[in-house]
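Structural overview
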Amino acid sequence: MANSINTNRGALVALQTLNATNKALETTQNRVNTGMKVSSAKDNGAIFAIATSQRAEMGAQDAVKQSLQRGQSIVDVALAAGETVVAALTELKSLAVAIQDAPETGDTQTKLHADFTAITNEITTALAGATFDGVNLFLENDAAIDVTINTASSGNKFTLKAVTAEDTNPLEVSIGADDFDLSVPDKDNRTAAAVDAAINSFTSILADFGTKSKSLDRQLAFVGKLQDSLETGIGNLVDADLAKESARLTALQTKQQLGVQALSIANSSSSILLGLFR
């Protein structure tokens, strides 16, 4: 190839090589700085789109977890109140038997009735206070009380209480065709039986709430595992192997220095031609 001062092919080649090295070095430095091999759509459009979609799914799972935790709190508050009510109903059973055996008139009957009424008032207070975030599972509701359990467009609801379900007041029970209001005690021989019916009915309700609480626990655990899997999957797609990138960074820095020297040598070839004219 002819020697020329107008065209320095060696310098052009050296410059192209140095530019390529600088670009690769910039990419590696960005991976080291961010810890990611795909930090923008420019790095890899398809992978970036997948990772972004999965990050959005992780965010949606956070909302699901909050919904489940809210539902769990609603049920747990109801269960806490329910334990108080069961203890009160158990005491009512003893009082109901005592009222049946006590004389119809006298201080004993009056005191037993007063105790009975006081306990029923405690039950009413406990049920009314079993509210979390404006929801009370012991009261009637005009709409289903649901929580979101997944991010699907359908089948993503868990029902804590059905639509327009009646209230679950244990003080109002039925035995056959007879209705009893336990807040008004009397000497009827069926008062104790009414308390028994209230206990059986109310404990069934609590058993249902307990089952739902366990279901929510399991669903929360599943959502947590799902989020961990999503995070791991995203990491597999976009995270950089820093050990490899560190080694690559050292190699590219060395290559950059050699490229600068090569360009310097190529640029000096023009000055060598001056020696031909001396």
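Each chain has its residues counted from 1, running along the sequence as written. In keeping with the predicted nature of the model, local features appear solely for residues at pLDDT of at least 70, side-chain atom pairs appear and are counted solely at 80 or more, and the whole-chain, interface and lining totals rest on all residues. Hydrogens and water are ignored here; the side-chain numbers use all heavy atoms of the structure.

**Section: the overall build of the chain**
Assigned secondary structure in the chain consists of 6 helices and 4 strands. By the criteria applied, helices consist of DSSP H or I runs no shorter than four residues and strands consist of E runs no shorter than two, each listed in order from the N terminus. Secondary structure elements in the chain, listed N-terminal to C-terminal, are α-α-α-β-β-β-β-α-α-α. We call two residues contacting when some pair of their heavy atoms lies within 4.5 Å. In the chain, 72% of the contacts between residues at least 6 apart in sequence involve partners at least 24 apart. For accessible areas, the Shrake-Rupley method is used with a probe of radius 1.4 Å. Any residue's cover is judged against the shown protein chains and nothing else. Counting every atom, the chain has about 16,300 Å² of accessible surface; 53% of that belongs to carbon and sulfur.

**A closer look at helix α1 (residues 9-34)**
The span one expects for a helix is its residue count, reduced by one, times 1.5 Å. For α1, with 26 residues, the first-to-last C-alpha span of 38 Å sits near the 38 Å given by 1.5 Å per residue. The rule is simple: take the accessible area with a 1.4 Å probe, protein chains only, and divide by the maximum for that residue type; under 20% is buried, over 50% is exposed, in between is partly exposed. Taken residue by residue, α1 has Ala11, Ala14, Leu18, Thr21, Ala24, Leu25 and Thr28 as its buried positions. In the core, the buried residues of α1 are packed alongside α5 (242-267). Taken from the residues just after α1, glycine 35 is the one with a positive phi, measuring 75 degrees.

**Some thoughts on the environment of serine 229**
By secondary structure assignment, the location of serine 229 is in helix α4 (residues 191-238). Separated by 171 residues in the primary sequence, serine 229 and methionine 58 place their C-alpha atoms 9.8 Å from one another.

**Focus on the environment of glutamine 256**
Of note, glutamine 256 is situated in helix α5. Overall, glutamine 256 belongs to the partly exposed group, its relative accessible area being 26%. Counting along the chain gives 232 residues from glutamine 256 to alanine 24, while the straight-line C-alpha distance between them is 10.0 Å. At 2.7 Å, the side chain of glutamine 256 forms a polar contact with the side chain of asparagine 22. Polar contact criterion, stated in full: a pair of N or O atoms within 3.5 Å, where within protein one must be able to donate a hydrogen and the other to accept it, and residues adjacent in sequence count only if both atoms are side-chain atoms.

**Side note on the packing of aromatic side chains**
Here is the rule: rings of Phe, Tyr and Trp (six-membered ring for Trp) pair when centre to centre is within 6.5 Å. Planes less than 30 degrees apart are stacked, more than 60 are edge-to-face, and the remainder are tilted. Within the structure shown, the criterion is met by 2 aromatic pairs. An angle of 20 degrees between the planes, with centres 5.6 Å apart, marks the rings of phenylalanine 138 and phenylalanine 202 as stacked. Of this pair, phenylalanine 138 sits in the loop between α3 (107-128) and β1 (145-148) while phenylalanine 202 sits in helix α4, and the two are 64 residues apart along the sequence. Per residue, the accessibility class of phenylalanine 138 equals that of phenylalanine 202, and both read buried. Centroid distance phenylalanine 138 to phenylalanine 209: 5.8 Å. Interplanar angle 65 degrees. Geometry classified as edge-to-face. Separated by 71 residues along the polypeptide, phenylalanine 138 in the loop between α3 and β1 and phenylalanine 209 in helix α4 bring together distant segments of the chain. Pairwise contacts between aromatic rings join Phe138, Phe202 and Phe209 into one cluster.

**Re the pattern of salt bridges**
Should a side-chain nitrogen of Lys or Arg be within 4 Å of a carboxyl oxygen of Asp or Glu, the pair is scored as a salt bridge. Evaluated as defined, the whole model comprises 4 salt bridges. The partner of lysine 93 in a salt bridge is aspartate 196, and the shortest N-O contact between them spans 2.9 Å. Of this pair, lysine 93 sits in helix α2 (residues 45-101) while aspartate 196 sits in helix α4, placing them 103 residues apart in sequence. By relative accessible area, which is 27% here, lysine 93 ends up partly exposed. Between lysine 212 and aspartate 208 there is a salt bridge; the shortest N-O distance is 3.1 Å. Here the residue lysine 212 and the residue aspartate 208 both occupy positions in helix α4, the gap between them amounting to 4 residues, near one helical turn.

**As for the side chain of lysine 212**
On the basis of relative accessibility, which here comes to 15%, the residue lysine 212 falls in the buried class. In this view, lysine 212 contacts Phe158, Thr159, Leu160 and Lys161; residues no more than four positions away in its chain are not counted.

**Examining the environment of histidine 113**
With respect to the helices and strands, histidine 113 occurs in helix α3. Histidine 113 sits in the partly exposed class, given a relative accessible area of 23%. In the structure, histidine 113 is positioned 17 residues away from alanine 96 in sequence and 9.0 Å away in space, judged by C-alpha atoms.

**Comments concerning the layout of surface pockets**
The distinction between a cavity and a pocket rests on a 1 Å grid over the protein atoms alone: a 1.4 Å probe fits inside a cavity but cannot get out, while a pocket stays open yet meets protein on both sides within 12 Å along at least five of seven lines, and a residue with an atom within 4 Å of a point counts as lining. Grid points are joined across faces, edges and corners, and a volume is the space filled by probe spheres set on the points. Here the largest pocket is characterised by a volume of approximately 320 Å³. Forming the walls of the largest pocket are Lys23, Glu26, Thr27, Asn30, Arg31, Lys37, Val38, Ser40, Lys42, Asp43 and Asn44. Looking at the lining of the largest pocket residue by residue, the classes come out as 1 nonpolar, 4 polar and 6 charged. Put simply, Ala, Val, Leu, Ile, Met, Phe, Trp, Tyr, Cys and Pro go in the nonpolar bin, Asp, Glu, Lys and Arg in the charged bin, and everything else, Gly too, in the polar bin.

**Here's the deal with the nonpolar core**
Think of a nonpolar core as a cluster: buried Ala, Val, Leu, Ile, Met, Phe, Trp, Tyr and Cys residues, connected wherever their side-chain atoms sit within 4.5 Å. Leu92, Ile123, Leu137, Phe138 and Phe209 are the most contacted members of the largest nonpolar core, which has 45 residues in total. For this core, the secondary structure elements donating two or more residues are α2, α3, β1 and α4. Among the elements that make up this core, the one with the highest residue count is α2 (14 residues). Ignoring sequence-local partners within four residues, the contact set of isoleucine 123 consists of Val85, Ala88, Leu89, Leu92, Pro170 and Leu171. Ile47, Ala51, Met58 and Val238 belong to the second-largest nonpolar core, a separate cluster that totals 7 residues.

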